[in-house]
Amino acid sequence: MDEILPMGWRDIVEAAFETGNLWPIYKHVTSRYEDGTARTYQNYFKIHPRHGFWWKYPIHEILVHDSAIKFDRKEIDLEVDHIRDTSKKRDSYLPLLELAVKEDPKDWRMNHYLNREYFYNRNWLQVLKSGYKCSEIKDGWDVERASTYMWMSEAARWLDMMPLAKYWASEATKTAPEFYEAWHWRAHIAHLMEEWSDTREFASKIETLHKGNHHLVKPEVWEWWGFDLIALASAKLGDHKTAVFFGEKALFGNPNEKRL
C-alpha cells in the first residue's frame, strides 16, 4: 500500500505474463537523486500470480511460494517506488517486531529487524543485547549479519566502549568481506581511535569492491564518505598528494559540505 507504480506498469506486467514470466523481477527504488534517477534500489519480487503464494510475518513481510511450483523468472523494465515518508510516525514498528520475535524466537529475519529498530531508536543497550542474540542464530544473509554487527559496533561506540566497537566492526568485515559498507564502518571506528594506517587500509577497499543493489547500501559511503576517510588518513600519515586526490573526490561527491 505504500509503493507507487509508474504509468504503464500493467502493460509491462501483462506482456511478461504472456511470455510465461509469471513472477518477474523488477527494480524496487527506495530513494532517488534530484534528477529522478534511482539512488538506492534492489531487485524485487512482489508481482506474483494469484495462487500458490502467501505472506509471512506481521511486519517487514516477505512473499513465500509453494516450492512445488517452478518459475522461469526474468527481469522486466519496471521501477516501483517505495520511498520512506519521514513525516509519518512509526511507533507501531517496535511492538510488532517484538511480537514477531516472541512468536518465533529463532527467526533470523525478525531478530535482525528488531535489532535495527532498537538502533533507529538509539536504544544502545538493547542493540547490544538483541545483537548478541542475533549472533547466536546461524541463519541469515551475510550482509544482514554484517549490518547487525555494525549496529552493535555503533552502540558500543556511543556507550564509550571503543574496544568492543572495534571488535564488532572487525566481525562485520569477516562476515561479509565483499560488503564495502562494513569496511567503511571499520575505517570510521579506526579514525575515531586515531589509528590512521588502519583507517586508510580499510577505507581504500572502495577501490576494489563493488556497490550492491539492496536496502543496506549506504549511498553516501560511495559518493564521498569513503574518499573522505582515505584523504583524512593520508593527511595524518603525511601523504599529502593522496590526501588532495581523495579529498577532491570527496568534495565532488558532496560539494555542499563546508568541512570538505
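Residues numbered from 1 in each chain as written. Predicted model: local features only at pLDDT ≥ 70, side-chain atom pairs only at ≥ 80, totals over all residues. Heavy atoms only, no water.

Some words on helix 2 (residues 93-103)
Among the residues making up helix 2, those that are buried are Leu97, Ala100 and Val101. Seen along its axis, helix 2 keeps its buried residues to an arc of 95°; they face one direction. Facing away from the buried surface of helix 2 by more than 90 degrees, the exposed residues are Lys102 and Glu103. (Buried < 20%, exposed > 50% of the residue type's maximum accessible area, 1.4 Å probe, protein only. Helix = DSSP H or I, 4+ residues; strand = E, 2+ residues; numbered from the N terminus. Arc of directions from axis to C-beta.)

Focus on the environment of Pro6
Secondary-structure assignment places Pro6 in the segment before helix 1 (9-18). Its relative accessible area of 31% is what places Pro6 among the partly exposed residues. Along the backbone, Pro6 and Asp107 are 101 residues apart, and their C-alpha atoms lie at a distance of 34 Å.

Quick notes on the pattern of salt bridges
Within this structure, the stated rule accounts for eleven salt bridges. Lys74 is the salt-bridge partner of Asp72, the closest N and O atoms lying 2.6 Å from each other. With relative accessibility at 48%, the residue Asp72 sits in the partly exposed group. Asp239 is paired through a salt bridge with Arg200; the nearest N and O atoms lie 2.9 Å apart. Linking Asp239 in the loop between helix 9 (219-236) and helix 10 (240-253) with Arg200 in helix 8 (residues 196-203), this pair joins segments that are 39 residues apart in sequence. Since its relative accessible area comes to 25%, Asp239 is described here as partly exposed. On the accessibility criterion, Arg200 (25% relative accessible area) is partly exposed. Among the charged side chains, a network of salt bridges with common partners joins Lys27, Arg32, Glu79 and Asp81. (Salt bridge = Lys/Arg side-chain N within 4 Å of Asp/Glu carboxyl O.)

A few points about the environment of His112
Mapped onto the elements, His112 comes out in helix 3 (residues 108-120). On a C-alpha basis, the gap between His112 and Leu97 in space is 9.6 Å, while along the polypeptide they are 15 residues apart.

Just distances and angles here, no functional claims.
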